[in-house]
Amino acid sequence: MVFPIFALDMLTVGIKNLPRHLKRPLSWRIRGLLIGVLAGLGLFALFQIIAPFLISSTLVRAGMEEAVAEWTGHDVTIEGSPDIRFWPEPRITLRDITIRKPVDGGERVLGRVSRLSASFDLLQTLIGQPEFKDFRLTDPQIYVLREPDGRLDWANDGLLSRAVREAKPNASGQQLAAYADAPMGEVRITNGILEISEVSSGRTLRFTAIDGDLNWPWLSRGMEIKARGEINGRKISVDFNSTQPLLLLAGRSGNASGAIVSELFQGRFQGVANLATHAFLSGDAELTIPDLPTVMAWSGVNFAGAERIKRLSLNARLVTNDNTLRFENLSLGLNDDKATGILDLMVPEDRLPRLTGTLAFDRLDLSGILDALTPAADEASKNNNLQTGIEFDLRLSAEQAVLGPLHLSEAAISVLDTPHQSRVDIVDSDFETGRLTGRLATAGIDRQDEMALHIAVQGADFGNIIKNLGLGGPLPMTHGSLDLSLNIRRPINPQAWREAEGNFRLRGGEGFLPGVNIASVRQLATHKQYFSLSEVGSGNLQFDSIDLAARIAHGSAEIHDGKITGSDGTLAISGVIPYASNGLALSATIRPAADEPAQLTVFIGGSWPNPVIWPVSETAPKPAE
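Predicted, not measured: the structure shown is a model, and the values here were computed from it.

Cut-off values and rules
- Residues numbered from 1 in each chain as written.
- Predicted model: local features only at pLDDT ≥ 70, side-chain atom pairs only at ≥ 80, totals over all residues.
- Heavy atoms only, no water.
- Phe/Tyr/Trp six-rings, centres within 6.5 Å; stacked < 30°, edge-to-face > 60°.
- Helix = DSSP H or I, 4+ residues; strand = E, 2+ residues; numbered from the N terminus.
- Buried < 20%, exposed > 50% of the residue type's maximum accessible area, 1.4 Å probe, protein only.
- Polar contact = N/O pair within 3.5 Å; in protein donor to acceptor, adjacent residues only side chain to side chain.
- Contact = heavy atoms within 4.5 Å.
- Salt bridge = Lys/Arg side-chain N within 4 Å of Asp/Glu carboxyl O.
- Pairing = 2+ DSSP bridges.
- Arc of directions from axis to C-beta.
- pLDDT = per-residue confidence, 0-100.

Attention now goes to the packing of aromatic side chains. For the structure shown, the criterion picks out 3 aromatic pairs. Relative to tryptophan 614, the ring of tyrosine 530 lies with its centre 6.1 Å away and its plane at 40°, an arrangement referred to as tilted. Taken together, the residues tyrosine 530 in the loop between helix 12 (518-525) and strand 27 (531-532) and tryptophan 614 in strand 34 (residues 612-619) connect sequence positions 84 residues apart. Here the aromatic rings of phenylalanine 603 and tryptophan 614 are separated by 5.7 Å at their centres, their planes lie at 45°, and the arrangement is tilted. Here the residue phenylalanine 603 occupies a position in strand 33 (residues 599-607), and tryptophan 614 occupies one in strand 34, the gap between them amounting to 11 residues. An aromatic cluster is defined as three or more aromatic residues linked by ring pairs; in this entry it consists of Tyr530, Phe603 and Trp614.

What follows is the structure, given as structure tokens:
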């Protein structure tokens with residue numbers, strides 16, 4: 001409380017002594033300063049009053065028109081009458097501006113501006129040399145062509161174009177000769193439209209509802225852009241800055257950093273950018289897409305198999321070398337799957353871009369890869385062009401890999417996709433206590449509508465495989481090997497599986513067929529003409545080995561050599577299994593190991609997993625010779 005009371009006493013004493021101090025004469029220094037200030041204010045006020053009478057609006061308008069033409073290097077027409085004000089700063093506003101460029105057979109409109117205003121210097125204007133800065137553009141419409149070499153063909157021989165040509169890199173900035181430099185200041189855009197048309201592809205990118213600021217004090221200095229707008233009905237905000245903007249506009253490499261944020265995705269970059277044909281980047285980059293299918297639908301870009309990916313995230317160090325963009329220290333997220341590694345995106349001329357590299361996943365869903373490589377042949381042909389296609393040559397590893405209900409571990413996978421061949425190789429993997437290798441590839445250059453599948457399983461537990469596939473009925477519970485070779489039409493769907501053609505072979509050691517009781521079958525065969533498998537009762541057919549070979553075609557598997565061997569005898573099987581309809585048409589012969597009982601042959605028909613059994617014959621074994 002002491003300090004506030006002390007301060008109050010000081011203020012009271014000061015107020016009481018104020019009249020006495022005011023009666024003292026001012027020193028000559030203070031009087032001179034006050035006179036100078038008053039004179040300056042008077043001259044300023046007088047200048048503001050008489051300036052409108054001294055400055056010709058026609059001169060300012062002509063100067064503004066010349067300034068715009070000088071900046072762009074193109075013809076500029078102004079339809080509306082100018083509006084000039086001098087408070088709080090001199091500023092001119094023009095309306096209905098059009099910028100045109102002569103082309104073969106006519107002219108092309110480069111831009112339209114509903115209202116353009118800029119501040120100007122009074123003294124420079126009085127001597128007939130107005131200089132403008134701090135532009136305000138309302139309802140501008142800018143149309144830009146992106147040439148095949150990456151240059152933006154908008155300015156011509158104006159100040160900006162000259163500066164772009166003359167700019168040279170200088171450490172982390174840019175160097176520009178004094179004669180090519182010019183002040184720009186701040187440019188504010190309200191409700192703008194920007195269209196960028198690519199000459200090479202014919203595609204057009206359209207930004208609408210643009211509100212933002214461009215801060216570029218001088219052409220030789222750095223530039224900063226903060227803007228928001230809409231693309232295809234989605235709001236996007238951009239924060240971009242560069243210390244070498246003229247190099248970027250020239251299609252050369254320049255320092256850049258920025259962020260782009262929308263409700264669909266977020267991206268950040270800091271490093272060196274190049275706006276040439278393939279817009280290479282070198283630096284740290286981040287990208288997060290919470291809903292990839294929505295982004296693909298919004299952008300019009302579609303890759304087969306990508307519909308399985310909901311969330312995508314990427315974090316990498318980008319390095320550009322000639323026509324290759326490298327993703328170093330890459331962290332990739334696909335839904336809940338995470339991967340690390342290194343990728344190279346090569347963009348050679350006159351052929352498809354090519355993505356190569358190595359990725360290590362903690363968990364990988366192979367279904368998306370297969371979908372991407374097995375679209376319909378006509379779909380695949382549409383993507384084989386320089387605008388929408390891309391080649392893949394990848395080496396993948398996964399601690400856990402999933403293919404539908406099948407689970408692999410420690411998997412090594414190779415992916416190749418070119419206009420001439422698509423191929424996925426499971427080079428090695430652990431599978432149900434055994435090993436699985438496989439390949440899915442296009443059948444040949446002249447058979448792009450077909451895929452060739454080969455799967456080899458060794459030492460696997462088929463009991464677990466059958467359980468994971470959800471199959472019922474008397475299937476072999478054993479450890480063994482499987483070889484499957486099929487030709488399948490694209491796209492691979494249930495219909496394609498039904499029409500697949502190829503060969504199948506299963507070989508196993510000790511095991512059993514659940515629900516098959518040979519003794520009960522023999523008993524029922526003595527007094528019934530037919531009976532279902534469910535009537536056989538409980539029990540299993542134990543065996544020492546199993547060997548089944550079949551030809552697969554048109555939705556059926558034709559078993560031409562099937563043998564199940566146990567200590568009590570051999571079960572030989574042949575016939576057809578129309579698996580597409582869950583049917584059976586098999587002949588089975590039970591050959592006992594001893595003289596008794598007699599050999600029994602049955603026909604197995606009906607539907608799986610409860611077929612009907614018809615005894616055909618019961619033959620006594622031939623005496624040993």
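Okay, the side chain of arginine 91 next. Looking at the element boundaries, arginine 91 is found in strand 3 (residues 91-103). For arginine 91, a relative accessible area of 5% corresponds to the buried category. Side chain to side chain, arginine 91 and serine 117 meet in a polar contact 3.2 Å long. Within the structure, the side chain of arginine 91 is placed 3.2 Å from the backbone oxygen of aspartate 134, a separation counted as a polar contact. Beyond its immediate chain neighbours, meaning those up to four positions away, arginine 91 contacts Asp83, Ile84, Arg85, Ser117, Ala118, Ser119, Phe120, Asp134 and Arg136.

Glancing now at the pattern of salt bridges. Enumeration over the complete set of coordinates arrives at 22 salt bridges. With its nearest N and O atoms 3.2 Å apart, the salt bridge here joins glutamate 186 to arginine 188. By relative accessible area, glutamate 186 is classed as partly exposed at 25%. Between arginine 311 and aspartate 336 there is a salt bridge, with its nearest N and O atoms 2.5 Å apart. Highlighted residues: arginine 311 in the loop between helix 7 (292-299) and strand 16 (312-321) and aspartate 336 in the loop between strand 17 (324-334) and strand 18 (337-346), separated in sequence by 25 residues.

Pairing geometry for strand 29 (residues 545-553) and strand 30 (residues 556-566), over 9 bridges, is antiparallel. When the sheet's bridge partners are listed, isoleucine 546 is paired in strand 30 with isoleucine 564. What sits between the antiparallel neighbours strand 29 and strand 30 is a turn of 2 residues, in which histidine 554 has the positive phi angle 55°. Pairing of strand 30 with strand 31 (residues 569-577) involves 8 bridges; the strand directions are antiparallel. Bridged to alanine 557 within strand 31 is isoleucine 577. In this structure, the hairpin formed by strand 30 and strand 31 is closed by a connection of 2 residues.

As a further point, take helix 10 (residues 462-469). Every buried residue of helix 10 is listed here: Phe462, Gly463, Ile465 and Ile466. Taken end-on, helix 10 shows its buried residues confined to a sector of 165°, consistent with a single buried face. In this structure, the buried side of helix 10 is in contact with strand 22 (422-431), strand 24 (450-461), strand 25 (477-489) and strand 26 (501-514). Of the residues flanking the start of helix 10, the one acting as N-cap is aspartate 461, its side-chain oxygen 3.0 Å from the backbone nitrogen of glycine 463. Once helix 10 finishes, glycine 470 follows within two positions and takes phi at roughly 75°, a positive value.

A few words on helix 7. Among the residues of helix 7, Leu292, Val295, Met296 and Trp298 are the ones counted as buried. An end-on view of helix 7 places all buried positions within 165° of arc, on one side of the element. Elements in contact with the buried residues of helix 7: strand 11 (223-231), strand 12 (234-242), strand 15 (281-289) and strand 16. Backbone geometry just after helix 7 places glycine 300 at a positive phi near 80°.

Attention now goes to the confidence of the model for the protein. Mean pLDDT over the protein: 82, with 81% of residues reaching 70 or higher. Every residue in residues 1-8 scores below 50 in pLDDT, and together they form 0 contacts with partners more than four places removed in sequence or on other chains. Every residue in residues 376-388 scores below 50 in pLDDT, and together they form 21 contacts with partners more than four places removed in sequence or on other chains.

For the rest of this paragraph, the subject is the pairing of strand 25. Bridge analysis of strand 24 against strand 25 gives 10 bridges, and the strand direction is antiparallel. The residue of strand 25 that forms the bridge with alanine 460 is glycine 480. Where strand 25 meets strand 26, 10 bridges bridge the pair, whose relative direction is antiparallel. Bridge pairing in strand 26 places serine 481 opposite arginine 507.

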